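Take a look at the letters that make up each chain.
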Amino acid sequence: MPQTPLTAALSALATETPHPVGVSNDEFRAAMSRLAAGVVLVTAHDGDHGPRGEDVGMTATAFLSVSLDPPLVLVSLRCGSRMDDLLAEQPLWGVSILSESQRHIAGRFAMKGRISDRLLFEDIPYTRGEASGAPLVGGALATLECRTERRVEAGDHTLAIGHVLTASLPSAEGGPLTYFRGRYRQLG
């Protein structure tokens, strides 16, 4: 696609303007911790892992609605993470929007040096999504099944933009689980 004079000028400006210097990782992390975020569990089924496959899950706070028509969402995945690698190979995944009573699930799937995903799912009630095959957590405020439409590299993360294939509201009880100042919180 040919560039217009405006897009050419913006492109040249972007390459001439260096990235601002002076913000440390700690300063950036502290500033962003002041932004409250909802907490979701992103899941997928790795059908190539063993005879019956394996379920994979990760806690995410960088998740948002992108578009209503078509219905699109975005999740940020750490580059090289198990979920990033899996979704680079297969496009189907699920999202469970966690309730305030599901803090233990968020913590379990966010652990560093954690145990195998099979053990993490062991005592969590879930159903398997019909469109994605991904585990969808029972009691979640809402669940979505998605198909990746686009992946965008952004620093040390990959932004996965997913077309929402299904949406359901399995639970109307309780409020959302949020993340603020480095801790899981409840509204109110």
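Throughout this description, residue numbers start from 1 for each chain and increase along the sequence as written. Local features in this predicted model are restricted to residues whose pLDDT is 70 or higher, and side-chain atom pairs enter the listing and the counts only when it is 80 or higher, whereas totals over whole chains, interfaces and linings include all residues. Side-chain calculation: all heavy atoms of the structure are included, whereas hydrogens and water are not.

In this section: the overall build of the protein chain. Secondary structure elements are taken from DSSP: a helix is a run of H or I of four residues or more, a strand is a run of E of two residues or more, and numbering for both begins at the N terminus. Counting secondary structure elements, the protein chain contains five helices and 12 strands. Think of it in three bands: with a 1.4 Å probe and only protein chains considered, a residue is buried below 20% of the maximum accessible area for its type, exposed above 50%, and partly exposed in between. Looking at the protein chain as a whole, 37% of its 188 residues qualify as buried. Only the protein chains shown count as cover for residues, and all accessible areas are computed by the Shrake-Rupley method using a 1.4 Å probe. Counting every atom, the protein chain has about 11600 Å² of accessible surface; 57% of that belongs to carbon and sulfur.

Take the buried residues of types Ala, Val, Leu, Ile, Met, Phe, Trp, Tyr and Cys, join any two whose side-chain atoms come within 4.5 Å, and each joined set is a nonpolar core. Counting 19 residues, the largest nonpolar core has Val-42, Val-75, Met-83 and Trp-93 as its most contacted members. Secondary-structure elements contributing two or more residues to this core are strand S2 (40-46), strand S3 (54-60), strand S5 (72-78), helix H3 (82-89), strand S6 (92-97), strand S9 (142-154) and strand S10 (157-168). Throughout, a residue-residue contact means that at least one pair of heavy atoms, one from each residue, lies within 4.5 Å. When residues no more than four places from it in sequence are discounted, the contact partners of Val-75 are Val-42, Ala-60, Ala-62, Phe-63, Trp-93, Thr-158, Leu-159 and Ala-160. By size, the runner-up hydrophobic cluster in this structure holds 12 residues, among which are Val-39, Leu-41, Ala-106 and Tyr-184.

Take the pattern of salt bridges next. Side chains that carry opposite charge are capable of pairing whenever their charged atoms lie near each other. Whenever a carboxyl oxygen of Asp or Glu lies within 4 Å of a side-chain nitrogen of Lys or Arg, that contact is scored as a salt bridge. Across all of its chains, the model carries seven salt bridges by this definition. Two residues, Arg-29 and Asp-26, come together in a salt bridge whose shortest N-O distance is 3.3 Å. Of the two residues, Arg-29 and Asp-26 both sit in helix H2 (residues 25-32), three residues apart, roughly one turn of that helix. With a relative accessible area of 57%, Asp-26 lands in the exposed category. For Arg-151, the salt bridge goes to Asp-84, with nearest N and O atoms at 2.6 Å. A residue pair is termed long-range when its members are at least 10 positions apart, and Arg-151 in strand S9 and Asp-84 in helix H3 qualify at 67 residues. Taken together, the salt bridges that share partners define one network made up of Asp-46, Glu-54 and Arg-82.

Following Asp-69, the chain continues into Pro-70 via a peptide bond in cis, with omega recorded as 5°. Position of Pro-70 relative to the elements: it lies in the loop between strand S4 (63-67) and S5. For Arg-181, which is not glycine, the phi torsion reads 55° and is therefore positive. Tracing the backbone through its elements, the reader meets Arg-181 in the loop between strand S11 (177-180) and strand S12 (183-186). Taking relative accessible area as the criterion, Arg-181 reaches 48% and is therefore assigned partly exposed.

Moving on: the environment of Val-137. For Val-137, the location among the structural elements is in strand S8 (residues 135-137). Separated by 42 residues in sequence, Val-137 and Val-95 have C-alpha atoms that sit 8.5 Å apart. In contact with Val-137, not counting residues within four places along its chain, are Leu-41, Ser-96, Gln-102, Ile-105, Ile-124, Pro-125, Tyr-126 and Thr-143.

Looking now at the environment of Asp-117. Looking at where Asp-117 falls in the secondary structure, it is placed in helix H5 (residues 117-121). C-alpha of Asp-117 to C-alpha of Asp-55: the two residues are 62 residues apart in sequence and 6.5 Å apart in space. Each residue touching Asp-117, except ones within four places of it in the same chain, is listed here: Glu-54, Asp-55, Val-56, Gly-57, Arg-82 and Phe-109.

What follows is about the pairing of S3. With seven of its seven residues buried, S3 lies for the most part within the structure. A two-sided burial pattern is seen for S3, the buried positions comprising Glu-54, Val-56, Met-58 and Ala-60 on one face and Asp-55, Gly-57 and Thr-59 on the other. Pairs of strands are assigned from DSSP output, requiring at least two bridges between the strands. Pairing of S2 with S3 involves seven bridges; the strand directions are antiparallel. Residue pairing across strands places Ala-44 opposite Val-56, the latter belonging to S3.

Geometric descriptors of this kind do not, in isolation, establish any biological role.
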